Amino acid sequence: LVRSLEVIATRTAATGTLTDGVLTVANSAVTANTRVFTQRSLNGGTLGEEYVVAVTPGVGFTITAKQADGDTEVLDTSTVFYMLVEMASTVATPVASVLTGTYNNDQTITLTCATAGATILYTTDGSTPSPTNGKIYGLPFVVNTTATVLKAIAVRSGMLEPAQMAAQTYTLTCATPTASPVAGSYSGTQTVTFASATSGVAMRYTTSGTDPTSTTGTVYSGPVTVATSTTYEVIAFRTGYNSSAIL
């Protein structure tokens, strides 16, 4: 995805003469993306070994003759050809509203890019997004499967593509069930309800001391009546999610 620097437009090509090794050019059109390329066209004075350019956006630029040892006290009076070239800006890296983490419910993801007019492309299968691979982001989307890996990049015509957004990995795990009333000593029969903070789960339980799983144990379908001392172990599960810890 990384391209070499892309030229948008040549702004100025001209010559100027150094005075004691320095040439200052006023040009309010220069920006942070302006590059100044120089070449000596006519020797004069004590020649510098290289020319260093300092650009001040909105003001102009200064060309300074310099020796290999860093000395800028060079009495260079050469005529220098310079060319200003405006380089392409880089699109801002996309940002995801939900970051890598473990969650107990579906996550709604919003992608944004600070560059106006940019198009965001993303993948959720671990592949690398590019102008030819991935979905074009339009509206927030829902992640409802554990181990989903989100990658995204933004593109805009005439601008360089940014570094890919750091991959975001979403782990979805059912919340551990809770019991109401909680475990304890009671003087009479209790009606116990099990619940999980994760929506859409199913639950199974055992009373034999063995651990329930998503395929073993009694399916919980509603409150249970407890008339004698009993230990319940409960698990929550849902398609696309990791099963919960056992209550």
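An account of the accompanying structure is given in this report. (Residues numbered from 1 in each chain as written. Predicted model: local features only at pLDDT ≥ 70, side-chain atom pairs only at ≥ 80, totals over all residues. Heavy atoms only, no water.)

Some remarks on the nonpolar core
Core analysis: the biggest nonpolar cluster contains 30 residues, and I109, L111, F141, L150, F194 and V224 have the highest contact counts within it. Those elements that provide at least two residues to this core are β11 (119-123), β13 (141-143), β14 (148-155), β15 (168-172), β17 (190-195), β18 (202-206), β20 (224-226) and β21 (233-237). With 3 residues, β14 is the largest single contributor of residues to this core. F194 has contacts with T178, A179, M203, Y220, V224, Y232, V234 and L247, leaving out every residue within four places of it along the chain. (Core = buried A, V, L, I, M, F, W, Y, C linked by side-chain atoms within 4.5 Å. Buried < 20%, exposed > 50% of the residue type's maximum accessible area, 1.4 Å probe, protein only. Helix = DSSP H or I, 4+ residues; strand = E, 2+ residues; numbered from the N terminus. Contact = heavy atoms within 4.5 Å.)

Here we look at the layout of surface pockets
Over the atoms rolls a probe the size of a water molecule, and its path tells where empty space is left. Size it by volume and the largest pocket reaches roughly 480 Å³. Lining of the largest pocket is provided by 18 residues; of these, V182, A183, G184, V226 and T230 occupy positions nearest its centre. For the lining of the largest pocket, the leading source of residues is β17, giving 3 residues. Considering only residue class, the lining of the largest pocket consists of 11 nonpolar, 7 polar and no charged. (1 Å grid on protein atoms, 1.4 Å probe; cavity = no way out; pocket = protein on both sides within 12 Å on 5 of 7 lines; lining within 4 Å. Points joined across faces, edges and corners; volume = space filled by probe spheres on them. Nonpolar A, V, L, I, M, F, W, Y, C, P; charged D, E, K, R; others polar.)

Observations concerning the sheet that holds strand β2 (residues 22-26)
Here 3 strands make up an open sheet; going across it, the order is β2-β5-β4 and the pairing antiparallel. Here the strands that pair on one side only, and so sit at the sheet edges, are β2 and β4 (50-56). Adjacent strand axes in the sheet meet at a mean angle of 15 degrees when their direction is disregarded. Note: β2 against strand β5 (residues 60-66), 5 bridges, orientation antiparallel. Residue T24 lies in a different strand from β5, and its bridge partner there is T62. (Pairing = 2+ DSSP bridges. Axes fitted to C-alpha atoms, helices over the stretch in contact; angles between N-to-C directions.)

Things to note about the sheet that holds strand β16 (residues 178-180)
Taken in spatial order, the 3 strands of this open sheet run β16-β17-β20, and their pairing is antiparallel. Where the open sheet ends on each side, the last strands, each with one partner, are β16 and β20. Taken over all neighbouring pairs, the strand axes of this sheet differ in orientation by 35 degrees on average, direction set aside. Pairing between β16 and β17: 3 bridges, direction antiparallel. Across the sheet, residue A179 finds its bridge partner in β17, namely F194.

Without other data, these values stay purely geometric and don't point to any function.
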